[in-house]
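Here's the letter readout for the chains.
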Amino acid sequence: MSAEAPLLQARGVVVRYDLPRSLGDLLSRRPARALQAVAGIDMSVARGTALGIVGESGCGKSTLGRALIGLQDLSAGDVSINGLRVSSNMPKDRRRSMQMIFQDPYGALNPLLTVAQTLSEPIRVHRIVPPDQVDDRVADLMARVGLPTDLMHRRAGSLSGGQQQRVGIARALSVEPELIVADECVAALDVSIQAQVLNLLLALRAELGLTLIFISHDLGVVRQVCDRVAVLYLGRVVEEGPTDEVFGDPHHPYTRTLLAAAPVMRPDAPPPGPPPVGEPPSPTDMPPGCPYQTRCLQAVDACRSGPAPPLRPFGPRAVACHLHDPAAARPDAGQPRPTEVTT
Amino acid sequence: MRAGAPRRRWPPALKAGLAITLAWVALALLADVIAPFPPNDHNMQAILHPPGRPHWLGTDNFGRDVLSRILHGARVDLLMGVVGVLIPFVIGVTLGAVAGYFGGIVDAILMRILDVVLAFPWLVLLMAIIVVLGPGLKSFFIALALVGWVSYARLVRAQVLVIRSADYVAAGRSLGYSTGRILWRHVLPNAIAPAIVFAMSDVVLVILAGSAISYLGFGVQPPTAEWGLMISEGQSFIFTAWWMTTFPGIALVLLALGFSLLADGLAEYLGVRE
């Protein structure tokens, strides 16, 4: 699979929001401030795989997800899918190949339209089937996502959360995409419904050979769904690799605290590690050096100055941490390094 | 609750408002049939006839039957109200939706024009334009179009600003829908409810403004039967023939009441907070 060109390739993706300047800022001639929601991310996703994107609230997960499918303008960098560049104004036949499933299942549906209207519109717009077969197609889609056809003429408001999310999934599937970005797609659902929707997503992925980008803060769900996982911290990938390896033996101190903070319902589970210390720094006022140094328990002098550590390959995965500099090639990478790092 | 919401019942205000409004529409449409006398027929034998047989609401200083004139006047007043609201509604909703969705320079220019129009008292501006254009119903509609759109533009723009960032709009974009499709099919229908509610209460204001302007001599011209004009004509006879002013006034109040109730009921039904 690695020999094949990746379906999605992102290089140096930056999404920056300019903050409004207050009168005080203008008078004191302070420069305009910007918030970097995504601060330079490279990633590639192989066809047919599922990549999990995890991280705390506000780490830029959702913005990244939208940027990858052209729902968010990039400030720098580029994203291509099938070798074609993604942009917010690409033609509709390019849009088809990438769809999104949203966090709020109700907010993702136009409340005035019935299920049938919601599902038939993309089919008509893209002329997926001849006009006389649209109704059959809608029925097929509903059956595929497990929606009874008697819900066809109901509006979003009269469906349950799970049913609403199934409509959202069916709508995404209606244009036969290759890539689906699922942004916290089960976070708003009851736990019992979560499992149903996840199983549906897994079955559809296997059946249709979909490529999945699964954004979630629920590590258990990511572990169940994803082949690879990328851990985001303040708009940067701090660790990336096969899910089992990253979760089984986390390298980056942030991944470790993130995993330790997640409750594990097993009697033989190891005792929980120290919880994350404090809040992440404000993205408008980033610390020098490594973005994680203000909370990192293993931070050394090298972490507190200079540029942020780059994401460096480390075996089958990649880590952005001075403690895991492969150039140093030290076996016990968990120990603090007393000397500064040459960059 | 959003999920599994029961079918919404019609609020009593909506039912009452609809009943009164539709009753007036029916009376206006059937004026030719049910009015006992032609509205402009002078009867010199029955000048200033008090209410009673055969003139149930009396006659005016030309012996014209007040009831018949009120029924025929309902046509003019309803037309004034409906057309006078429809034109600004269409203009305002369109401009407000475009400004809110696209933002930027279009929005900035439109909002400044809006501020300027809002800076003048509504009725004074309306009369100034009518005086420039010359009296008549056509001038009244043109003036309303120039002045009235601002309220609708502001209401719709505010809603569109919220709805354009809804997930279903993002979904529409990712599905490759055209901007026009997203704006007219997905954003506007969800943004228009407050404007519809306002339109109902605006009908009242427009009818009253039309009557006021006719009363002042700039609107509908005599001898057309129009309520404001009838009140104006009856003014000099207020002590000898109170019915000439009282009954058109009551008619005006009843029509206004109907549309007010309709506005309140619709607001409740559509879940719009005023």
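Structure's up top.
Keep in mind that this is a model prediction, so the values were computed, not measured. (Residues numbered from 1 in each chain as written. Chains lettered and ligands numbered in written order. Predicted model: local features only at pLDDT ≥ 70, side-chain atom pairs only at ≥ 80, totals over all residues.)

Remarks on the nonpolar core
(1) Moving on: In this structure, Ile213, Phe214 and Val231 of chain A together with Val156 and Val187 of chain B are the most contacted members of the largest nonpolar core, which totals 168 residues.
(2) Moving on: Top element by residues in this core is helix H3 (residues 66-102) of chain B. It accounts for 15 residues.
(3) Moving on: If sequence neighbours within four positions are ignored, valine 187 of chain B has contacts with Ala97, Tyr101, Val160, Ile163, Arg164, Val169 and Ile182 of chain B. (Core = buried A, V, L, I, M, F, W, Y, C linked by C-beta atoms within 7 Å. Buried ≥ 20, exposed ≤ 12 C-beta atoms within 10 Å, placed from the backbone. Helix = DSSP H or I, 4+ residues; strand = E, 2+ residues; numbered from the N terminus. Contact = placed C-beta atoms within 7 Å.)

Describing the sheet that holds strand S12 (residues 317-319) of chain A
All names here are of chain A.
(1) Moving on: Read across the sheet, eight strands follow the order S6-S7-S8-S3-S9-S10-S12-S11 without closing on themselves; strand pairing throughout is mixed. Across the chains shown, the open sheet's two edge strands, defined by having one partner strand only, are strand S6 (98-101) and strand S11 (312-314). When the angles between neighbouring strand axes are averaged without regard to direction, this sheet yields 25°.
(2) Moving on: One ladder, built from three bridges, connects S11 with S12; its direction is antiparallel. The residue of S12 that forms the bridge with phenylalanine 314 is arginine 317. (Pairing = 2+ DSSP bridges. Axes fitted to C-alpha atoms, helices over the stretch in contact; angles between N-to-C directions.)

Considerations on the environment of aspartate 135 of chain A
(1) Moving on: For aspartate 135 of chain A, the position within the fold is in helix H5 (residues 134-144).
(2) Moving on: For the pair aspartate 135 of chain A and leucine 119 of chain A, spaced 16 residues apart in sequence, the C-alpha separation works out to 9.4 Å.

A word on the environment of leucine 212 of chain A
(1) Moving on: Its place among the elements puts leucine 212 of chain A in strand S8 (residues 211-215).
(2) Moving on: Along the sequence, leucine 212 of chain A and arginine 47 of chain A sit 165 residues apart, while their C-alpha atoms lie 8.9 Å from each other.

What about helix H8 (residues 179-191) of chain B?
(1) Moving on: Three or more residues of H8 of chain B are buried, namely Ile182, Leu183, His186, Val187, Leu188 and Ala191 of chain B.
(2) Moving on: On its buried face, H8 of chain B sits against H3, helix H6 (137-163) and helix H7 (167-174) of chain B.

Details of the interface of chain B and chain A
(1) Moving on: Residue-level contacts link 17 residues of chain B with 27 residues of chain A.
(2) Moving on: At the level of elements, H7 and H8 of chain B are the ones that each hand at least two residues to the side of chain B that touches chain A.
(3) Moving on: When residues in the side of chain B that touches chain A are grouped by element, the largest group, six residues, is from H7 of chain B.
(4) Moving on: Of the residues in the side of chain B that touches chain A, the class split is nine nonpolar, five polar and three charged. (Nonpolar A, V, L, I, M, F, W, Y, C, P; charged D, E, K, R; others polar.)

Brief notes about the sheet that holds strand S5 (residues 84-85) of chain A
All names here are of chain A.
(1) Moving on: Strand order in the open sheet formed by four strands is S2-S1-S4-S5, and the pairing between neighbours is antiparallel. The open sheet terminates on both sides in strands that have one partner only, identified here as strand S2 (34-45) and S5.
(2) Moving on: The pairing of strand S1 (residues 8-18) with strand S4 (residues 76-81) spans five bridges and is antiparallel. From the neighbouring strand, valine 14 faces S4, where its bridge partner is alanine 76.

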